[in-house]
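Secondary and tertiary structure notes
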Amino acid sequence: MDDLYREMIVERFKTPLFRGHLEPHDIFYEDDNPVCGDHIEITLQLDETGHVRAAAFDGQGCAISQVAADLLMESIQGKPLDEVRALTKEDLLELLGIELGPTRLKCALLSFKVLKAGVYGLDKTEA
Amino acid sequence: MDDLYREMIVERFKTPLFRGHLEPHDIFYEDDNPVCGDHIEITLQLDETGHVRAAAFDGQGCAISQVAADLLMESIQGKPLDEVRALTKEDLLELLGIELGPTRLKCALLSFKVLKAGVYGLDKTEA
Amino acid sequence: MPNFTALREDFPTLAREVRPGVPLTYLDSTATAQKPRAVLEAMDAFYRRHNANIHRGIHTLAEEATAAYEGAREKIAAFINAPEAAQVIFTRNTTESINLVAYTWARANLKAGDLIVLTEMEHHSNLVPWQMLAAERGVELAFIPVTAEGLLDMAAYARLLEREPKLVAFTHMSNVLGTINPAGEMIAAARAAGAITLLDAAQSVPHLPVDVQALEVDFLAFSAHKMLGPTGIGALYGRRDLLEAMPPFLGGGDMIKRVDLDGFRANDLPHKFEAGTPAIAEAVGFGAAVDYLRAVGMEAILAHEQELTAYALERLAAVPGVRIIGPRAEKRGGVIAFVLEGVHPHDVAQILDGEGVAVRAGHHCAQPLHLCFNLPATTRASFYLYNTRDDVERLVKALAKVKEIFG
Amino acid sequence: MPNFTALREDFPTLAREVRPGVPLTYLDSTATAQKPRAVLEAMDAFYRRHNANIHRGIHTLAEEATAAYEGAREKIAAFINAPEAAQVIFTRNTTESINLVAYTWARANLKAGDLIVLTEMEHHSNLVPWQMLAAERGVELAFIPVTAEGLLDMAAYARLLEREPKLVAFTHMSNVLGTINPAGEMIAAARAAGAITLLDAAQSVPHLPVDVQALEVDFLAFSAHKMLGPTGIGALYGRRDLLEAMPPFLGGGDMIKRVDLDGFRANDLPHKFEAGTPAIAEAVGFGAAVDYLRAVGMEAILAHEQELTAYALERLAAVPGVRIIGPRAEKRGGVIAFVLEGVHPHDVAQILDGEGVAVRAGHHCAQPLHLCFNLPATTRASFYLYNTRDDVERLVKALAKVKEIFG
Ligand SMILES: Cc1ncc(COP(=O)(O)O)c(C=O)c1O
Ligand SMILES: Cc1ncc(COP(=O)(O)O)c(C=O)c1O
């Protein structure tokens, strides 16, 4: 427990660094976990070379889902889209740095799912 | 086991005393136990005062079902129909004089069911 | 009054530590109950000595197993005061019991346009089967609204009955609000309106005396695992004439009287509805659970839980930021769902778990009810006979920790 | 080769006396298997330490219980070489598995006039669900005949396939004749004819290696209780695309993703087909049973049983008046049904029971097959990994007693 709610997580939940909605944006996606009502949307702006210029999330839900989203947005700043597409669940869990049971894993991975859908969705509109 | 297949039962199975089919008869009924293929039919002749003049069973199946039928036919010889109608399962089991588990009970009681249906069936044709 | 603290000793799980130094405080009995040693030992003894398939077996083990299985049915029938053991059908759980009625009685008797009355506080188990039926057959569903206090709106119910529903199906006790609905009254009203009634008794049979003859209910569904028994078995009680007229549900061994390649003849009750090898050892455990509950006494259990709930409501109400949903103590059983301002129920449950306090967080399979209260999720603490005031204190203390962390 | 005599020690029931001085000779494993200590202990440990409802629980016990339940699914999936654990649905037993397919896939895909091919040797579980469907929908049933030797008539099967059946459903191993049907070949032929296939593996998964990918079968049904596991749980394996396209079966908790008063969205596989609280402890026991069988080895088990069966066939054939039905040793598993001239099978079974020898008598839920052989009933002895030649000797000796009594 103390592990799970390390100061960093609670602090970050109270004062997220990447919460917001970018307008205009190049990528938008949102989804939710109906079981617990967690909701996450993300907006990304890209530069000419396909790197993430800015990333933001918005939504509501438990600390794990919100902080995971915040950390995820932080981690992709400046990254090329290819690298974002290659992100794995494990990368996100490493950012969180905590052990999660199966139920909370779904909370943690919601933003990951949303981001993936967003960056692959872009592919489709490009094609 | 030795209890169940007392000499009397096996002897009676091999040489039943009331096996047969009465013609003419006043009462006829038959039924079977589909699970094991036991089949019993009974025929009764009545006298003017409604007493059983003669009773016989026919059929095939396990020793318990056949011997129970044979003993039952024996026991109702000369009885008024009212008394036959009042017979209980316990009366039959006493005739057999053995302890039976639930599956074998069905074998033992087949002739009882047939007899009851027969004597109550008569009521209907009288009415 | 039984000694509820002493009987904790009968439940091995309650002695466990969640992690070294952190004892378990189990407040999740509404999801599933812990099992007393007597239940586990009954099943174990069955498997070690009497294990055999039942019905039609002639050998000793088969006869012992059949007697044990049918003996359990008799115990359960007596527990709910069913007129006959044959009116108790073994199923997997409450959910299957309700689906059985939906697939057989309802599909044989309802047609497009017919009305089924449910409530807004139903568990998904007493909602989704009827939604499936509605989608398939065009049957209409209507819902008795839940008031802000968490009670059923009886005036609205009376108006719904004027529409002459064919079926009224509702929960005896809400697994979220704790509300104990006035089942007797509601069933009488439904009957007067010509409706068949089904009571979801998943939360009532475990926690209060239930008498199907006094209730005059047509169908009653419940699960063993919520009443100290094993998983994998539940029961459906039904009125004899209804059960006899219903077509069979699953086809297979034991539910038939005779089969040839062209067709089959269904067996007598209760076997008609029990196709294939049933949950035999589980029935034995279910019977042992009922023995245990009877020995303690259902009146006493209800009194104990209501006393504990009243205490907990008082203690929780004193925690700043806690909002409790559901009615006042007298109208509810031992279930308390709440939200803590500013902290998501998942986070609450997680931090409580860190303190060894096991509660549920989520919509508790009653999503429409949560929508009514405009809450995506709640945290739920629930009690059973083995809970004590100490458990409540540990919950309150752990909530303080949540507030400390989320400051 | 494992020591099959030594592993008898793992099965507490086998040590029991039927009555004082009369040890048990258990020859009824086709009805249900005895359980090794490892299975009973796994379930008991689950209840004593980890018991909780699964899915969506955040507290420690709920997470442990979920991991145990899903871990069991993985073991069972691996045991039949399913591509994914999500393709294994937990049901109550083989019977429910088959009914699930009949209620969902078949009702969504078959219409009046469509043909289903079965065989004359089916257990009622793989016959009655299709008869119910036939009566409801006007689907036609046709049967592959059984030859006098107790084999399927493959020429007749080829002719039936020309009629382009939509489904071919048959037993992998007969529970009466012992016949092991050439499933791979039959499935390939069915697929070539455009049919979906369902294999009743109630008797095969327990007794021989079964690989769903090698068989390329679409649906496979089996029961835990026949393979050293507990009662109350079985499994349905299905091809992913079929399972995904199928409508749900039972409605309720856990099988949904989202619910409001107007409707629901079904959950992902396998949860879509598992409504309500499942048989959690039973899944744990099922997993332990599979561990046990794997450790012994399915090839070895099959070899042991076939060796024992060949021996028993030889010994029984030598008893005057015994008539054995079913094929010669190479084509069958460890099941021997027979009649003894002049003595009804019930009487045979009863006298054998007096000697401690547990066999079944009756039609073994395969009444149409018995009609084919013009026998209302047979006596059946069946073997599993824990049986030995001593058991066969005791059977033969007890049959001598029957003959002595009936002289
Ligand atoms: C071939 C076969 N199919 C189906 C079944 C039914 O299994 P269950 O009773 O576990 O559903 C059996 C068991 O008797 C069987 O032998
Ligand atoms: C009111 C109510 N109905 C139905 C159910 C479903 O019970 P089960 O999961 O045992 O089928 C539950 C249990 O969660 C419940 O609380």
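Above this text sits the structure in question.
Residues numbered from 1 in each chain as written. Chains lettered and ligands numbered in written order. Predicted model: local features only at pLDDT ≥ 70, side-chain atom pairs only at ≥ 80, totals over all residues. Heavy atoms only, no water.

This part is about the packing of helix α3 (residues 94–109) of chain D against helix α4 (residues 128–137) of chain D. Residue and element names in this part refer to chain D. Viewed as axis vectors pointing N to C, α3 and α4 meet at an angle of 30°, and their least axial separation amounts to 9 Å. As summarised for this structure, α3 and α4 are arranged roughly parallel, according to the angle between their axes. Classified by chirality, the crossing of α4 by α3 is right-handed. For the pair α3 and α4, contact is made by Ile98, Asn99, Val101, Ala102, Tyr103, Ala106 and Arg107 and by Pro129, Trp130, Met132, Leu133, Glu136 and Arg137, respectively. In terms of residue class, the contact of α3 with α4 is built from nine nonpolar, one polar and three charged. (Axes fitted to C-alpha atoms, helices over the stretch in contact; angles between N-to-C directions. Helix = DSSP H or I, 4+ residues; strand = E, 2+ residues; numbered from the N terminus. Parallel < 35°, antiparallel > 145°, perpendicular 65-115°, else oblique. Left-handed = near helix turned anticlockwise from the far one by under 90°. Contact = heavy atoms within 4.5 Å. Nonpolar A, V, L, I, M, F, W, Y, C, P; charged D, E, K, R; others polar.)

On to the sheet that holds strand β14 (residues 335–340) of chain D, then. Residue and element names in this part refer to chain D. One open sheet holds the four strands; their spatial order is β13-β14-β17-β16, and the pairing between them is antiparallel. Each edge of the open sheet is held by one strand with a lone partner, namely β13 (322–325) and β16 (360–362). When strand polarity is set aside, the average angle formed by the axes of neighbouring strands in this sheet is 30°. When β14 meets strand β17 (residues 378–382), the two strands line up antiparallel, connected through four bridges. (Pairing = 2+ DSSP bridges.)

What follows covers the pattern of salt bridges. Opposite charge on two side chains permits them to pair, given that their charged atoms come into close proximity. Considering all chains together, one arrives at 66 salt bridges over all chains under this definition. Where D:Arg48 meets D:Asp44, a salt bridge forms, and the shortest distance between an N and an O atom there is 2.6 Å. With D:Arg48 and D:Asp44 both in helix α1 (residues 37–50), this residue pair falls four residues apart, about one helical turn. A salt bridge links D:Glu84 to D:Arg240, with the nearest nitrogen and oxygen atoms 2.6 Å apart. Here D:Glu84, found in the loop between α2 (60–79) and β4 (88–91), pairs with D:Arg240, found in helix α8 (residues 240–245); they are 156 residues apart in sequence, far enough to count as distant. When its relative accessible area of 27% is taken as the criterion, D:Arg240 is described as partly exposed. Within the structure, one salt-bridge network assembled from shared partners comprises A:Arg12, A:Asp70 and A:Glu74. (Salt bridge = Lys/Arg side-chain N within 4 Å of Asp/Glu carboxyl O. Buried < 20%, exposed > 50% of the residue type's maximum accessible area, 1.4 Å probe, protein only.)

With that settled, consider the site of ligand 1. Within the structure, ligand 1 sits among 16 residues, and C:Thr277, D:Thr95, D:Asp200, D:Ser223 and D:Lys226 are positioned closest to it. Here an oxygen atom of ligand 1 sits 2.6 Å away from a polar atom, N or O, in the side chain of C:Thr277. D:Asp200 places a polar side-chain atom, nitrogen or oxygen, 2.5 Å from a nitrogen atom of ligand 1. Burial of ligand 1 by the protein amounts to 95% of the accessible area it has alone, namely 400 Å². Its residues assigned to classes, the shell around ligand 1 shows two nonpolar, 12 polar and two charged. (Near = heavy atom within 4 Å. Polar contact = N/O pair within 3.5 Å; in protein donor to acceptor, adjacent residues only side chain to side chain. Areas by Shrake-Rupley, 256 points an atom, 1.4 Å probe, with all protein chains shown as cover.)

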